[in-house]
Amino acid sequence: MTSAGRFAPSPSGELHVGNLRTAVLAWLFAKSTARTFLLRVEDLDRARSGAEAEQLRDLQAVGVGWDAAVVRQTERTTLYDDAIARLTAEGRTYECFCTRREIQEAPSAPHAPQGAYPGTCRRLSHAEREIRRASRPASIRLRSDVAEWAVEDQLNGKFVGMVDDFVLRRNDGVTAYNLAVVVDDADQGIDQVVRGDDLLPSTPRQAYLATLLGLQVPEYAHVPLVVNHDGVRLAKRDGAVTLGDLAAVGIPAERVRDLILDSLGLPAGPLQGALPFFDPTRLPREPWVWKTPAA
């Protein structure tokens, strides 16, 4: 099985500087450890026409390449269905008919972590499920045996996070992110996951699920985000933050790449030239505050 790292954007629009910085870091982590680097398009939800092509173009413009054909989640639903079927056969799933409002208003289960699913549908009888199916399609939840799980992160150390009865398949039939990402990473031989640290809280759920499925838990490195001047995660509303917008004000992709490398303490130029200087232990641990440079 291939030893690999990856970048996995959702094709909801153009990538901004924060997304590109994470992609550069994922590439550097993979290549510095002699791994192949893969690109997966997570298009189960929020796909916008033309966004995938824009994203691939922008990744290549800053020097991020990949070593195999691009994989799309919408082409892999059979793998997700098989995983859910296996968990169901083992008694590890149940139907849930709760709305978001009902979950928010329900009292928490005793000793449950803050924000955990309260288990409303966990013990419904067959008759109760039949009645609820008549008025609302069900989502599929994992029947978890633990309340928390620990993961080791290369940059953040040991992290213990909540594990509740999280959704595996939404009630519209779409596979949930936490299941898809676990199945995809294992199937593609991805044993190193580098992504933004806003995703660290969901990682224990994914590691626990991988363990239940008998899959390898990847090495994790959750990197600091790029933020605006208010310290809020960068978004497209923050002005010129995409390669297209920056090019329109006279800032080419090569300069954006060099700004990203400088923010990491690495020399300007092609990414290959930065590899000899890349050391994860010396990476900045604080968010990078983005300021649009002068042309």
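Since this is a predicted model, take the numbers as computed values, not measurements.

> Hey, could you run me through the pattern of salt bridges in this one?
Close approach of charged atoms allows side chains with opposite charge to pair. If you walk through the whole model with that rule in mind, you get 27 salt bridges. Here Lys31 makes a salt bridge to Asp67, at a shortest N to O gap of 2.7 Å. One end of the pair, Lys31, is in helix α1 (residues 17-32); the other, Asp67, is in the loop between α2 (51-61) and β3 (71-72), and 36 residues separate them in sequence. For Lys31, a relative accessible area of 25% gives the class partly exposed. Residue Glu54 is joined to Arg48 by a salt bridge in which the shortest nitrogen-to-oxygen separation is 2.7 Å. With relative accessibility at 38%, the residue Arg48 sits in the partly exposed group. Beyond isolated ion pairs, a larger network of salt bridges with shared partners links Arg6, Arg40, Glu42, Arg76, Asp184, Asp185 and Asp187.

> Before we go on, may I ask you to explain the packing of α1 against helix α9 (residues 253-263) in this structure?
Geometrically, a packed helix pair is captured by the angle between its two axes and the distance between the axes. Close contact between α1 and α9 brings their axes to 10 Å; oriented N to C, the two are set at 65°. One way to sum up the angle between α1 and α9 is to call them roughly perpendicular. Handedness of the crossing formed by α1 with α9: right-handed. Every residue of α9 that contacts α1 at Val17, Leu20, Arg21 and Val24 is listed here: Val256, Ile260, Leu261 and Ser263. For the contact of α1 with α9, the class distribution of residues is six nonpolar, one polar and one charged.

> Hey, could you run me through the nonpolar core in this one?
A general tendency of soluble globular proteins is for nonpolar side chains to be buried together. Membership of the largest hydrophobic core comes to 44 residues, with the highest contact counts inside it found for Val24, Leu28, Phe29 and Val64. Residue contributions to this core peak at 10 residues, all from α1. In this structure, Phe29 is in contact with Gln154, Leu155, Gln192, Val194, Ala221, Val223, Phe278, Pro280 and Leu283, ignoring residues within four places of it in sequence. Core analysis: the next-biggest nonpolar cluster, separate from the first, contains 21 residues, Ile140, Phe166, Ala180 and Leu212 among them.

> Just checking my understanding: could you explain unusual backbone geometry for this structure?
Phi is positive for Ala34, which is not a glycine, with a value near 60°. Secondary-structure assignment places Ala34 in the loop between α1 and β2 (36-41).

> I would appreciate a short explanation of the environment of Thr203 in the present structure.
Summarising the element assignment, Thr203 is placed in helix α7 (residues 203-212). Taking relative accessible area as the criterion, Thr203 reaches 0% and is therefore assigned buried. Along the chain, Thr203 and Val163 lie 40 residues apart, while their C-alpha atoms are 9.4 Å from each other. Residues contacting Thr203, with those up to four places away along its chain left out, are Val151, Arg195, Tyr220 and His222.

What counts as what
- Residues numbered from 1 in each chain as written.
- Predicted model: local features only at pLDDT ≥ 70, side-chain atom pairs only at ≥ 80, totals over all residues.
- Heavy atoms only, no water.
- Salt bridge = Lys/Arg side-chain N within 4 Å of Asp/Glu carboxyl O.
- Helix = DSSP H or I, 4+ residues; strand = E, 2+ residues; numbered from the N terminus.
- Buried < 20%, exposed > 50% of the residue type's maximum accessible area, 1.4 Å probe, protein only.
- Axes fitted to C-alpha atoms, helices over the stretch in contact; angles between N-to-C directions.
- Parallel < 35°, antiparallel > 145°, perpendicular 65-115°, else oblique.
- Left-handed = near helix turned anticlockwise from the far one by under 90°.
- Contact = heavy atoms within 4.5 Å.
- Nonpolar A, V, L, I, M, F, W, Y, C, P; charged D, E, K, R; others polar.
- Core = buried A, V, L, I, M, F, W, Y, C linked by side-chain atoms within 4.5 Å.

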